[in-house]
Amino acid sequence: MDLPFAESWKIKMIEPIRKSARIEREQWLKEAHYNVFQLKAEHVYIDLITDSGTGAMSDRQWASLMIGDESYAGATSFFKMKETINKITGFKYVLPTHQGRAAENVLFSCLVKAGDYIPGNSQFDTTKGHIESRKAFAIDCTIDEALDTQLELPFKGNVDIRKLEKILIEHNEKIPFIIITVTNNTAGGQPVSMQNLREVNKLAKKYNKPVLFDSARFAENAYFIKKREKDYADKTIKEICREMFTYADGMTMSAKKDAIVNMGGFIATNIEEWYEQAKVKGIIFEGYITYGGMNGRDMNALAVGLDENTEFENLETRIKQIEYLASRLDEFEIPYQRPAGGHAIFIDAPKVLINVPKEEFPAQTLTVELYLEAGIRGCEIGYILADRDPVTRENRFGCNDFLRLAIPRRTYTNNHMDVVAVALKNVFDRRNSITRGMSIEWEAEVMRHFTVKLKRL
Ligand SMILES: Cc1ncc(COP(=O)(O)O)c(C=O)c1O
């Protein structure tokens, strides 16, 4: 008999979590204006708001913290981190930043001007925020199939090459770079194939445009390439990563995801001019070029985390947990973006709450219902997060409206996944009685989802 699958690690340290009563949760949520970002974490039982900075570090990472070099300039920790990034990505210039959006801020300050167009595959909200706040336009060229949550495709995060070429022709002079997000978070943690990365690169060369990867989950993307793409089954994750990055000129990285640290990020590139410009902005916004907002110890942990998380066993353990939660939801026939993504399950909220109109934000309503049901915190990746159109100021309803259940790395067990699945089933069973959603009482101009105040209708 074959042995069953089990995690490629064992647990050395634990952190208690607490349950609460529904009556308490009702009060806390009211005080939070029905925005789960405004809840106190201690009022959450299972926290799936994000997989960013919430992973459990390994013993080697914790050990590396103790030998961090906190020198202001030229710390050995920086050079260790740089060497690891050079090896994994092939990029020679490395600039640390305190997290992913800081890398976007530094680089986009150099590259993005008002009136520019930045095409890509479902730019993440901070990426879109850094583009739109500079009065430029983020153009989504993701394949249309990504919108159909029930369609099973291996690489639903792909760029539609025809859409991309159309934009390159129409706005050629105004395109400073193309940005590809691996994996495609907003479309459901869906991977981009090597074939697609190659095609984007070829097109970019034809139009003489650089390609930037938003690489937060590049290792998970490499795992899917190994599992799903012809010719990659026998390659190591590190070999696949090296090839992926040959199709880019640079990357921004939120190390809080695939480097499994609580805080950190960087820019890496082979374009000397980008690096020289970014250095100046980096010093203004982040700090000197060999720490950029990070502690020496954190750069050490980042280096170890990147190295460990570009190994197959670690990624397999992680992604099998997402698949496990998906299999439990399949039992209850709860609709989500199929196939399950790399870091999260994305529940198709309008298919669950069929009586809640889009103007009343079904995914946000489902997020609230799940928290009330069992103290589980997911988050809306949908119509509220999509912000308003910068020109018309209308809500943007053209995207999917998801409740995202992001699974922190190495943090929860499959027993927790069972609790999540059953809590969601309980909400699903009473879905027809949920007829009203949310209205917005106050919102910020960009990235409104973090601070929006809502009313329950
Ligand atoms: C795809 C993607 N890009 C960029 C970011 C921004 O990174 P950070 O939260 O470290 O600023 C995130 C964060 O969730 C992300 O998922």
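About the thresholds
- Position labels on residues start from 1 in each chain and follow its written sequence.
- Given that the model is predicted, a residue must reach a pLDDT of at least 70 before its local features are reported, and side-chain atom pairs must reach 80 or more before they are shown or counted; all residues, however, enter totals for whole chains, interfaces and linings.
- Side-chain metrics rest on all non-hydrogen atoms present in the structure, leaving aside hydrogens and water.
- Either an automatic procedure or a domain database provided the assignment from which the domain bounds are taken.
- Here, residues are in contact when the closest pair of their heavy atoms is within 4.5 Å.
- When two parts are put together, the accessible area they lose, computed with a 1.4 Å probe and summed over both, is reported as buried area.
- We define a salt bridge as a side-chain nitrogen of Lys or Arg found within 4 Å of a carboxyl oxygen belonging to Asp or Glu.
- Polar contacts here mean pairs of N or O atoms no more than 3.5 Å apart (in protein, one a potential hydrogen donor and the other a potential acceptor; neighbouring residues in sequence count only if both atoms are side-chain atoms).
- Starting at the N terminus, helices and strands are each numbered in turn, a helix being any DSSP run of H or I of at least four residues and a strand any DSSP run of E of at least two.
- Here a residue is considered near a molecule or strand provided that any single heavy atom belonging to it is located within 4 Å of it.
- We get accessible surface area from the Shrake-Rupley algorithm with a probe of 1.4 Å; when it comes to residues, only the shown protein chains can shield them.
- Think of it as three bins: nonpolar holds Ala, Val, Leu, Ile, Met, Phe, Trp, Tyr, Cys and Pro, charged holds Asp, Glu, Lys and Arg, and polar takes everything else, Gly as well.
- Whether two strands pair comes down to DSSP finding at least two bridges between them.
- An axis is simply a line fitted to the C-alpha atoms; with a helix, the fit covers only the stretch in contact. Between two such axes, the angle follows the N-to-C directions and lies from 0 to 180 degrees.
- Stacked, tilted and edge-to-face are the three classes assigned to paired rings of Phe, Tyr and Trp, where Trp is represented by its six-membered ring and a pair needs centres within 6.5 Å; plane angles under 30 degrees give stacked, over 60 edge-to-face, the rest tilted.
- For every residue, the accessible area obtained with a 1.4 Å probe (protein chains only) is divided by the maximum for its type, and the residue is called buried under 20%, exposed over 50%, and partly exposed between those limits.
- Criterion for a charge above a ring: Lys NZ or Arg CZ within 6 Å of the ring centre, and within 35 degrees of the ring normal.
- Here a patch means residues that are over 30% exposed by relative accessible area and free of salt bridges, tied together within 9 Å if like-charged and within 5 Å if nonpolar (Val, Leu, Ile, Met, Phe, Trp, Tyr).
- Here, the term nonpolar core denotes a set of buried Ala, Val, Leu, Ile, Met, Phe, Trp, Tyr and Cys residues that are joined through side-chain atoms within 4.5 Å.

Enquirer: For this particular structure, what's the right way to read the domain arrangement of the protein chain?
Expert: Much of the literature gives interface size as the accessible area that the parts lose upon coming together. Domain boundaries assigned for the protein chain yield domain 1 (22-51 + 312-456) and domain 2 (60-308). Taken over C-alpha atoms, the centre of domain 1 sits 26 Å from the centre of domain 2. Facing the 36 residues of domain 1 at the interface are 38 residues of domain 2. Summed over both partners, the interface of domain 1 with domain 2 buries about 3,100 Å², with 54% contributed by carbon and sulfur atoms. Our enumeration of links across domain 1 and domain 2 arrives at 6 salt bridges. Of the charged contacts, one joins Arg396 and Glu132 as a salt bridge, the two residues approaching to 3.2 Å between their closest N and O atoms. Counting across the domain 1 and domain 2 interface gives 22 residue pairs in polar contact (both at pLDDT 80 or more). Secondary-structure elements contributing two or more residues to the side of domain 1 that touches domain 2 are α12 (312-332), β9 (344-348) and β12 (402-406).

Enquirer: Explain unusual backbone geometry to me, please; I cannot follow it from the model alone.
Expert: Most peptide bonds take the trans configuration, and most residues that are not glycine carry a negative phi. Omega for the peptide link from Val182 to Thr183 comes to -15 degrees, which places this bond in the cis form. Its location among the elements puts Thr183 in the loop between β5 (178-181) and α7 (194-206). Of note, the amide linkage connecting Arg338 to Pro339 takes the cis form, showing an omega dihedral of -10 degrees. With respect to the helices and strands, Pro339 occurs in the loop between α12 and β9. Its identity as a non-glycine residue notwithstanding, His33 has a phi of 55 degrees, on the positive side.

Enquirer: How should the site of the ligand be read in this particular structure?
Expert: As a matter of local geometry, the ligand sits amid 14 residues, with Gln99, Arg101, Asp214, Ser254 and Lys257 nearest to it. With respect to the ligand, the side chain of Gln99 contributes an N or O atom lying 2.7 Å from an oxygen atom. When the ligand sits alone it has 390 Å² of accessible area, and the protein chains cover 96% of it. Here the element with the most residues in the shell around the ligand is helix α4 (residues 100-111); it accounts for 3 residues. Here the residues of the shell around the ligand sort into 1 nonpolar, 7 polar and 6 charged.

Enquirer: Whenever I open this one, the sheet that holds strand β11 (residues 379-381) confuses me. Can you help?
Expert: Neighbouring strands of a sheet are bound in pairs by backbone hydrogen bonds; such pairs are parallel or else antiparallel. The strand order β9-β12-β11 describes an open sheet built from 3 strands, whose pairing is antiparallel. The sheet is open, and its two edges are formed by β9 and β11, each paired on a single side. Neighbour to neighbour, the strand axes of the sheet diverge by 35 degrees on average, direction disregarded. Both β9 and β12 contribute to a ladder of 5 bridges, which runs antiparallel. Following the sheet pairing, Ile345 is matched in β12 by Leu405. Across the sheet, helix α14 (residues 362-374) is in contact with β9, β11 and β12; its angle to β12 comes to roughly 45 degrees.

Enquirer: Can you help me understand the packing of aromatic side chains in this one?
Expert: Two descriptors summarise a pair of aromatic rings, namely the distance from one centre to the other and the angle between the planes of the rings. The final tally for this structure, using the stated rule, is 15 aromatic pairs. Ring geometry for Phe91 and Phe245: centres 5.7 Å apart, planes at 70 degrees, overall edge-to-face. With a gap of 154 residues between them, Phe91 in the loop between α3 (76-89) and β2 (93-97) and Phe245 in helix α9 (residues 237-246) connect regions that are remote in the sequence. Judged by centre distance (5.1 Å) and plane angle (65 degrees), the rings of Phe218 and Phe245 are edge-to-face. Here Phe218 is found in helix α8 (residues 218-228), whereas its partner Phe245 is found in helix α9, with 27 residues between them in sequence. Phe245 matches Phe218 in its accessibility class, with the two residues each being buried. Every member of this aromatic cluster is reached through a ring pair, and the members are Phe91, Phe213, Phe218 and Phe245. In this structure, Lys358 is placed above the aromatic ring of Phe397, and the distance from its NZ or CZ to the ring centre is 5.3 Å.

Enquirer: I keep staring at a nonpolar patch on the surface and nothing clicks. Help me out?
Expert: A surface patch of nonpolar side chains, amounting to about 300 Å² of accessible area, comprises Val280, Ile284 and Phe285. Inspection of the secondary structure puts Val280 in helix α10 (residues 272-285). On the basis of relative accessibility, which here comes to 51%, the residue Val280 falls in the exposed class.

Enquirer: Just to check I follow, could you spell out the environment of Tyr117 for this structure?
Expert: Structurally, the position occupied by Tyr117 is in strand β3 (residues 117-120). Remark: the alpha-carbon pair of Tyr117 and Pro4, spanning 113 residues in sequence, is separated by 49 Å. Setting aside its immediate chain neighbours within four residues, Tyr117 contacts Phe137, Ile139, His171, Lys174, Ile175, Pro176 and Phe177.

Enquirer: Even after reading the chapter, I still don't get the nonpolar core, so can you show me in this structure?
Expert: Nonpolar side chains in soluble globular proteins tend to end up buried together. With 58 residues, the main nonpolar core has Ile180, Phe213, Phe218 and Met244 as its most contacted residues. Per-element tally for this core: the top contributor is α8, with 6 residues. Domain assignment of the residues forming this core places at least three in each of domain 1 (22-51 + 312-456) and domain 2 (60-308). When residues no more than four places from it in sequence are discounted, the contact partners of Ile180 are Asn121, Val159, Val192, Leu197, Val200, Val211, Leu212, Phe213 and Asp214.

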